[in-house]
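Chain residues, written in single-letter form:
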Amino acid sequence: MIIQAILLVIAAVFLLLFIRNWYSVQTRALKRLAFLIFIALMVVAILRPNWVNSVAHKVGVGRGTDLVLYALAVAFVFVSVNTYFRLKTQESRFTELARVIAVRDATEMNAKRLGRPVVREALGREASAREVPTHEIPAHEVPAHEATVAETPVREARP
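A brief report on the enclosed structure follows. (Residues numbered from 1 in each chain as written. Predicted model: local features only at pLDDT ≥ 70, side-chain atom pairs only at ≥ 80, totals over all residues. Heavy atoms only, no water.)

1. A look at the overall build of the chain
No. 1: Along the chain, the regular secondary structure elements total 5 helices and 0 strands.
No. 2: Looking at the chain as a whole, 16% of its 159 residues are labelled buried.
No. 3: Considering only contacts within the chain whose residues lie at least 6 apart along the sequence, 48% involve residues at least 24 apart. (Helix = DSSP H or I, 4+ residues; strand = E, 2+ residues; numbered from the N terminus. Buried < 20%, exposed > 50% of the residue type's maximum accessible area, 1.4 Å probe, protein only. Contact = heavy atoms within 4.5 Å.)

As structure tokens, this is what we get:
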């Protein structure tokens, strides 16, 4: 059947194109364009079901509903791949955000514990806890009980 070859080529081209250049502007534009074309074809299929039957016969499919089913299978694969990459991107952003917050909170807690002023900066990719300046307090100004606490290793609490 001609439709099998056409659908396999379309699926392969879409997958290779979108996987290789997922974040490019051209890929985003192509995804939007493909979505608009899909919507337009859907409207035509609803308004003119006889046209779908005639196209199906020309490409070697018995019925128009089978052709629609094949098109929906290709669309489903595309949506699945698109969703997968979106979730991976979102997961990496959440991970980065959680790391920045954890390091910032740990730095603030350590500064409070040592009696140092807490410096807050805006969260972002460029602002990490390593970049937060700490104000060193001379050793002779640190209270005696805090000096021993700072040198004592922290032990985990047992349940």
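Now, onward.
2. Section: the environment of A45
No. 1: Here A45 is to be found in helix α2 (residues 25-47).
No. 2: Under the relative-accessibility criterion, A45 is labelled partly exposed at 23%.
No. 3: The sequence separation of A45 and V68 amounts to 23 residues, and the corresponding C-alpha distance is 8.5 Å.

3. Section: the packing of aromatic side chains
No. 1: Here the structure, examined in full by the defined rule, presents 1 aromatic pair.
No. 2: Seen from their ring centres, Y84 and F85 are 5.4 Å apart, and the 70 degrees between their planes marks the pair as edge-to-face.
No. 3: For Y84, a relative accessible area of 47% puts it in the partly exposed group.
No. 4: Against the face of W51 rests R48, its NZ or CZ located 5.5 Å from the ring centre. (Phe/Tyr/Trp six-rings, centres within 6.5 Å; stacked < 30°, edge-to-face > 60°. Lys NZ or Arg CZ within 6 Å of the ring centre and 35° of its normal.)

4. So, a nonpolar patch on the surface
No. 1: Together, F35, L36, F38, I39, M42, V43, I46, L47, V68 and L72 make up a nonpolar patch on the protein surface, roughly 920 Å² of accessible area in all.
No. 2: Looking at which element gives the most residues to the nonpolar patch, the answer is α2, with 8 residues.
No. 3: Following the sequence through the fold, F38 ends up in helix α2. (Patch = residues over 30% accessible without salt bridge, like charges linked within 9 Å, V, L, I, M, F, W, Y side chains within 5 Å. Areas by Shrake-Rupley, 256 points an atom, 1.4 Å probe, with all protein chains shown as cover. Salt bridge = Lys/Arg side-chain N within 4 Å of Asp/Glu carboxyl O.)

Bear in mind that shape data such as this cannot, by itself, settle questions of function.
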